[in-house]
Amino acid sequence: MVNGFYDLTSGMLTEKRNLDVISSNMSNVGTKGFKADKLISSTFREEMMARTGNMDKKNTQNIGESSLARIPRQTITDYTQGSFRATDNRLDFALEGDAFFHTVTADGIDHYTRNGSFNIDNEGYFCTQDGDRVMGRRGLIRVELPIDGKNSIEDFLMVDHAGDIYTTNGDFIDSFELVTFDDKQALIKNNGFFVGGGNPRPAQASVYQGYLEESNVDPIKEMVATIDSQRHLQSAAQVLKIYDQLMSKATNDVGRI
């Protein structure tokens, strides 16, 4: 019976961790380029159960394995493609394929993102909404275009599916530096960006100007997972209460006899 306390408690802690992952997914349904997470759980230890006779203990018979506890093993990220939404903004870009935009913070830290919602800062550099500058194949992407007082800089930009950036006059500016990783599960999420992941390598992807990639979180699926996890928690709590009552009876009542 004591093992039951460990099994139920570990299961409840795992479901609590699972609910945290689901909550993070649900809170980022509207985050552009967000990739959903999934908790992978496993058993802590498995033991072989055997059967023996009451008197003769020599001839044992294996009857199967028993799992002692369920624990969270790791959180994996689903990198499947999200749907595209048209924005008609020339500084919005969506990627079709296994690739990330490469951006750099002010202190030189490399970030990678699927969110192609960019701006152009006061110095003419492409940047994210957080101010990270966007890398091109020639370095940081910078534009120097005339403004006639009516049109903004972005009105002069054209980007083809290969990620090449031109002026509307056909002058080449630069190309987006698109990268990917051999093991994307090694990437770490950091405020909408990805960091780490080892050495990035060049990637091929199609760039769509005037579109943004939506989050790949399925809210219906996450809602069902939430209900399922909450039911597991409630069931474990009820059984744990029964275990506690049995232990109390065995100690206070049976023990007196």
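Whatever comes next refers back to the structure up there.
Scoring rules and cut-offs
- Residues numbered from 1 in each chain as written.
- Predicted model: local features only at pLDDT ≥ 70, side-chain atom pairs only at ≥ 80, totals over all residues.
- Heavy atoms only, no water.
- Helix = DSSP H or I, 4+ residues; strand = E, 2+ residues; numbered from the N terminus.
- Areas by Shrake-Rupley, 256 points an atom, 1.4 Å probe, with all protein chains shown as cover.
- Phe/Tyr/Trp six-rings, centres within 6.5 Å; stacked < 30°, edge-to-face > 60°.
- Buried < 20%, exposed > 50% of the residue type's maximum accessible area, 1.4 Å probe, protein only.
- Core = buried A, V, L, I, M, F, W, Y, C linked by side-chain atoms within 4.5 Å.
- Polar contact = N/O pair within 3.5 Å; in protein donor to acceptor, adjacent residues only side chain to side chain.
- Contact = heavy atoms within 4.5 Å.
- 1 Å grid on protein atoms, 1.4 Å probe; cavity = no way out; pocket = protein on both sides within 12 Å on 5 of 7 lines; lining within 4 Å.
- Points joined across faces, edges and corners; volume = space filled by probe spheres on them.
- Nonpolar A, V, L, I, M, F, W, Y, C, P; charged D, E, K, R; others polar.
- Pairing = 2+ DSSP bridges.
- Axes fitted to C-alpha atoms, helices over the stretch in contact; angles between N-to-C directions.

Novice: Teacher, can you tell me more about the overall build of the chain here?
Specialist: Regarding its fold elements, the chain presents two helices and 21 strands. Counting every atom, the chain has about 15,400 Å² of accessible surface; 50% of that belongs to carbon and sulfur.

Novice: Which parts of the structure should I look at to understand the packing of aromatic side chains?
Specialist: Aromatic rings considered in pairs are described by the distance between their centres and by the relative angle of their planes. Applying the stated criterion across every chain, the model contains 15 aromatic pairs. Here the aromatic rings of Tyr79 and Phe100 are separated by 6.1 Å at their centres, their planes lie at 80°, and the arrangement is edge-to-face. With Tyr79 in the loop between β4 (70–77) and β5 (84–86) and Phe100 in strand β7 (residues 100–104), this pair connects stretches of sequence that are 21 residues apart. Using a relative accessible area of 18% as the deciding quantity, one classes Tyr79 as buried. Residue Phe100 is classed as buried on the basis of its relative accessible area, which comes to 2%. Each ring, one from Tyr166 and one from Phe172, has its centre 5.5 Å from the other, and the planes form 65°; the classification is edge-to-face.

Novice: Hey, could you run me through unusual backbone geometry in this one?
Specialist: Across residues other than glycine, the phi torsion is negative in most instances, and most of the peptide bonds are trans. The phi torsion at Asp88 lies on the positive side, around 60°, for a residue other than glycine. Positionally, Asp88 belongs in the loop between β5 and β6 (92–96). Given the relative accessible area of 74%, Asp88 is considered exposed. Phi is positive for Asn191, which is not a glycine, with a value near 55°.

Novice: Explanation requested: the nonpolar core in the structure shown.
Specialist: One broad trend across soluble globular proteins is that nonpolar side chains are buried collectively. Membership of the largest hydrophobic core comes to 21 residues, with the highest contact counts inside it found for Phe93, Phe126, Leu157, Ile165, Phe176 and Leu178. Sorting the residues of this core by element identifies β6, β9 (116–120) and β13 (157–159) as the ones contributing at least two each. With seven residues, the next largest nonpolar core counts Phe100, Tyr112, Val179 and Leu187 among its residues.

Novice: Before we go on, may I ask you to explain the side chain of Thr77 in this structure?
Specialist: Within the element layout of this structure, Thr77 appears in strand β4. A relative accessible area of 13% means that Thr77 is categorised as buried. Side-chain polar atoms of Thr77 contact the side chain of Asp37, separated by 2.7 Å. Once residues within four sequence positions are removed from consideration, Thr77 is found in contact with Lys35, Ala36, Asp37, Gln185 and Lys189.

Novice: Got a minute to help me understand the layout of surface pockets in this structure?
Specialist: In this approach the atoms are scanned with a rolling probe the size of a water molecule, which exposes any empty space left behind. In this structure, the largest pocket occupies an estimated 460 Å³ of space. Those elements giving two or more residues to the lining of the largest pocket turn out to be α1 (2–27), β1 (37–43) and α2 (219–254). Partitioned by chemical class, the residues of the lining of the largest pocket number five nonpolar, seven polar and nine charged. Roughly 260 Å³ of internal volume is contained in the second largest pocket. If you go around the second largest pocket, you meet 18 residues; those closest to its centre are Thr31, Asn115, Asn191, Gly192 and Phe193.

Novice: So what exactly am I meant to see when it comes to the pairing of strand β11 (residues 133–136) here?
Specialist: Successive side chains on a regular strand alternate, one facing one side of the sheet and the next facing the other. Inspection of the sheet shows β7 paired to β11 by two bridges, in the antiparallel sense. The residue of β11 that forms the bridge with Thr103 is Val134. One ladder, built from two bridges, connects β11 with strand β12 (residues 139–140); its direction is antiparallel. The residue bridging Met135 from the neighbouring strand is Leu140, located in β12.

Novice: How should the sheet that holds strand β14 (residues 164–167) be read in this particular structure?
Specialist: For sheets, the rule is that strands pair by backbone hydrogen bonds, running either parallel or antiparallel. Spatially, β13-β14-β15 is the arrangement adopted by the three strands of the open sheet, whose pairing is antiparallel. The sheet terminates laterally at β13 and β15 (172–175), the two strands that pair on one side only. Ignoring which end each strand starts from, the neighbouring axes of this sheet average 25° apart. Direction of pairing for β13 relative to β14: antiparallel, over a ladder of three bridges. Residue Met158 lies in a different strand from β14, and its bridge partner there is Tyr166.

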